[in-house]
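Listed below are the residues making up each chain.
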Amino acid sequence: MGPRGVAGDRAAPGTNNPARVMRSMLSQMDLVAVLADFDEQMRRHPSQSLGAQVELGAKVTRVVAERGGWSGVIWSDLGDDDVE
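Below is a short write-up of the structure. (Residues numbered from 1 in each chain as written. Predicted model: local features only at pLDDT ≥ 70, side-chain atom pairs only at ≥ 80, totals over all residues. Heavy atoms only, no water.)

1. Topic: the sheet that holds strand β1 (residues 52-56)
In a beta sheet, neighbouring strands are held together by backbone hydrogen bonds and run either parallel or antiparallel to one another.
Okay, step 1: Sheet architecture is open: three strands sit in the order β1-β2-β3, paired in antiparallel fashion. The open sheet has two edge strands, β1 and β3 (72-76), and neither has a second partner. On average, each strand axis in the sheet is tilted by 20 degrees relative to the strand beside it, whichever way the strands run.
Okay, step 2: Pairing between strand β2 (residues 60-65) and β3: four bridges, direction antiparallel. Across the sheet, residue valine 63 finds its bridge partner in β3, namely glycine 72.
Okay, step 3: On top of the sheet, helix α2 (residues 31-44) reaches β1, β2 and β3; it is set at about 150 degrees to β3, its chief contact. (Pairing = 2+ DSSP bridges. Helix = DSSP H or I, 4+ residues; strand = E, 2+ residues; numbered from the N terminus. Axes fitted to C-alpha atoms, helices over the stretch in contact; angles between N-to-C directions. Contact = heavy atoms within 4.5 Å.)

2. A few points about the side chain of threonine 61
Okay, step 1: As for its position among the elements, threonine 61 is in strand β2.
Okay, step 2: The contacts of threonine 61, once residues within four sequence positions are left out, are Arg43, Arg44, Pro46, Val54, Glu55, Leu56, Gly72, Val73, Ile74 and Trp75.

Right, dumping it as structure tokens:
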């Protein structure tokens, strides 16, 4: 048996086993839809944060930080035809 709360299906019936609850929730999710929503909300159209600017392009979303913060591409839809 693993660490406390990670006993899997070995817990007594009717108990609140976090691992069992999580597996049940995940089995009921449409993972493709969840990932698409995450990409749209968090990567494609992220909220503006202090000290950074979000640049939205047709195929790329990037965060550009001011004063030495983190900058980078957080979403892209680039394909082989986009590469030089």
